[in-house]
Amino acid sequence: MSGRRALTAVVLLALTACTTGPSLENRGQVTASPGDSRHLTIGSAGFTESDLLAQMYALLLNQAGYKTAMLTVANRELYEPALESGQIDIVPEYAATFADWLNAKAHGTDAPPAGSPDLGTTMRALRKLAAPRGLTVLDPGRAVDQNAFAVSRSYARRHGLKTLSDLGASGLKVRLAAGDECVRRPYCAPGLRMTYGIDVTGIDPKGVGTTQAKQAVRSGRDQMVLTTTTDATLDAFGLVLLADDKRLQNADYVVPVVNRARAGGTRVTAVLGRLNDVLTTADLASLNRQVDSWRRLPSDVARTYLKDKGLLK
């Protein structure tokens, strides 16, 4: 599986180097009528929750008569241009994080954040940023997943840590296991330094909440890992979350983002909207646990969930 993911990422990189989709100058593509292609590519960012959401999108669309393909690209810097160009048609995203990412892309990394703890404010900003790029952001559902930081239980006990403020006040040097983009994203290393005064000495680029990242913290190679509040495997690795007591993180609601020209029609919106009515944050944590702890396939877990909820025959 990892080899295939690496291959698709390489292929996608080659494609996006040549075509980056509707530009701000190409208003004809941006303002075209919403499309309803019968063949849709669903993108996943390569971590468990994204895989599960992508699988559920594909299963629901298949049932509605669409033909779907899956493509995994574990880097937003690659899959977002592919979404603009139509190489990927639909991807599960997180409202505040994606708003901040598009805002930095449009206005520079020093631009004020577009994401907010308030969902309405975040969605308005996100849709304004997405529209000129030919993207449509569908309505959020009930499920929300925030970024979070975890340390080993023994490390927390030894240094009396319960919150990120405790870690900042301790003066401990922290090597952080995360994605390589953590170096510049405001919710990650820069925010930990500015908001909490945490001495982040380096980023170990093992990904967000990956097994390798959590193992690095369990072994003591790294002191903290970037994960999410729906991570169901922390206890198995002897890890605990530190409370985000100064609200560095925005509330990230799950939102499908589509290429308007290929998947912006009312049918896709209606199909994916059915998932919004039932999927909760607790559901996401449970689904993640089935994949990460019970070693079930994301496709099987997604199918069972949709059938249990009456969304899939």
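### Description of the overall build of the protein chain
Of the regular secondary structure elements, the protein chain holds 14 helices and 10 strands. Per-residue burial over the protein chain gives 51% buried out of 313 residues. For the protein chain, the share of sequence-separated contacts (at least 6 apart) that also reach a separation of at least 24 residues comes to 76%. Element-wise, carbon and sulfur atoms account for 53% of the exposed surface of the protein chain, whose accessible area totals about 14000 Å².

### Concerning the packing of helix α4 (residues 76-85) against helix α5 (residues 95-107)
Where α4 meets α5, the axes come as close as 12 Å, and the angle between the chain directions of the two elements is 85°. Our classification of the angle between α4 and α5 gives roughly perpendicular. Each of R76, E77, E80, P81 and E84 in α4 lies in contact with α5, whose residues at this interface are T97, F98, W101, L102 and K105.

### Topic: the pattern of salt bridges
Throughout the structure, instances matching the rule amount to 17 salt bridges. R184 is the salt-bridge partner of E77, the closest N and O atoms lying 3.1 Å from each other. Note that E77 is positioned in helix α4 and R184 in the loop between β6 (173-178) and α9 (189-196), a separation of 107 residues in sequence. Of the charged contacts in the structure, one is a salt bridge between K214 and D231, with a shortest N-O distance of 3.0 Å. Here K214 is found in helix α10 (residues 211-219), whereas its partner D231 is found in the loop between β8 (224-228) and β9 (239-242), with 17 residues between them in sequence. Each of the two residues, K214 as well as D231, counts as buried. Sharing partners across several salt bridges, the network here consists of R175, D204, K206, R221 and D222.

### Considerations on α10
Listed as buried for α10 are A213, K214, A216 and V217. The arc that holds the buried residues of α10, viewed along the axis, is 155°, so those residues lie on one side. Close packing links the buried residues of α10 with β5 (147-152), β6, β7 (199-205), β8 and β9. Just past α10, the residue G220 takes up positive phi, approximately 95°.

### With respect to the confidence of the model for the protein chain
A residue-level look at the protein chain finds 90% of positions with pLDDT of 70 or above and a mean pLDDT of 90. With pLDDT under 50 throughout, residues 1-29 is counted as low confidence; its partners more than four residues away or in other chains account for 36 contacts.

### Remarks on the sheet that holds β5
Picture the strands of a sheet paired through backbone hydrogen bonds; they go either parallel or antiparallel. Pairing is mixed in the open sheet, where five strands are placed in the order β7-β6-β8-β5-β9. Whereas interior strands pair on both sides, the edge strands pair on one side only; in this sheet they are β7 and β9. Neighbour-to-neighbour, the strand axes of this sheet turn through a mean angle of 40°, independent of strand direction. Bridging between β6 and β8 involves two bridges; their strand directions are parallel.

### Quick word on the packing of aromatic side chains
Applying the stated criterion to the full structure yields one aromatic pair. Seen from their ring centres, F47 and Y94 are 6.4 Å apart, and the 25° between their planes marks the pair as stacked. Of this pair, F47 sits in the loop between β1 (39-44) and α3 (48-63) while Y94 sits in strand β3 (residues 90-94), and the two are 47 residues apart along the sequence. Under the relative-accessibility criterion, F47 is labelled partly exposed at 29%. A cation over a ring is seen here: R38 above Y66, with NZ or CZ 4.3 Å from the ring centre.

### What about the state of the cysteines?
Within this structure, the stated rule accounts for one disulfide. For C182, the disulfide goes to C188, at an S-S distance of 1.8 Å. Disulfide C182-C188: the torsion about the S-S bond is -85°, which places it as left-handed. Since its relative accessible area comes to 1%, C182 is described here as buried.

### Here we look at the side chain of E93
Assignment of secondary structure puts E93 in strand β3. Once residues lying within four places of it in the same chain are set aside, the contact partners of E93 are R76, Y79, F98, Y253, V254, V255 and V257.

### Here's the deal with α4
Counting buried residues in α4 gives eight out of 10 residues, a clear majority hidden from the surface. N-cap assignment for α4: the residue whose side-chain oxygen lies 2.7 Å from the backbone N of E77 is N75. Trailing α4 by a residue or two, G86 shows a phi angle of about 90°, which is positive.

### A closer look at the pairing of strand β2 (residues 67-72)
As paired elements, β1 and β2 share six bridges and run parallel to each other. Counted as the bridge partner of I42 is M70 from β2. Assessed by its sense of winding, the connection that carries the chain from β1 through α3 to β2 is right-handed.

### Digging into unusual backbone geometry
Its identity is not glycine, yet R247 carries a phi of approximately 55°, on the positive side. When you line up the elements, R247 lands in the loop between β9 and β10 (254-259). Backbone geometry places R295, a non-glycine residue, at a positive phi of 65°. Take R295: it is sitting in the loop between α13 (281-292) and α14 (298-308). By relative accessible area, which is 64% here, R295 ends up exposed.

Calculation criteria
- Residues numbered from 1 in each chain as written.
- Predicted model: local features only at pLDDT ≥ 70, side-chain atom pairs only at ≥ 80, totals over all residues.
- Heavy atoms only, no water.
- Helix = DSSP H or I, 4+ residues; strand = E, 2+ residues; numbered from the N terminus.
- Buried < 20%, exposed > 50% of the residue type's maximum accessible area, 1.4 Å probe, protein only.
- Contact = heavy atoms within 4.5 Å.
- Areas by Shrake-Rupley, 256 points an atom, 1.4 Å probe, with all protein chains shown as cover.
- Axes fitted to C-alpha atoms, helices over the stretch in contact; angles between N-to-C directions.
- Parallel < 35°, antiparallel > 145°, perpendicular 65-115°, else oblique.
- Salt bridge = Lys/Arg side-chain N within 4 Å of Asp/Glu carboxyl O.
- Arc of directions from axis to C-beta.
- pLDDT = per-residue confidence, 0-100.
- Pairing = 2+ DSSP bridges.
- Phe/Tyr/Trp six-rings, centres within 6.5 Å; stacked < 30°, edge-to-face > 60°.
- Lys NZ or Arg CZ within 6 Å of the ring centre and 35° of its normal.
- Disulfide = S-S within 2.5 Å.
- Polar contact = N/O pair within 3.5 Å; in protein donor to acceptor, adjacent residues only side chain to side chain.
- Right-handed = clockwise from strand over helix to strand, strands pointing away.

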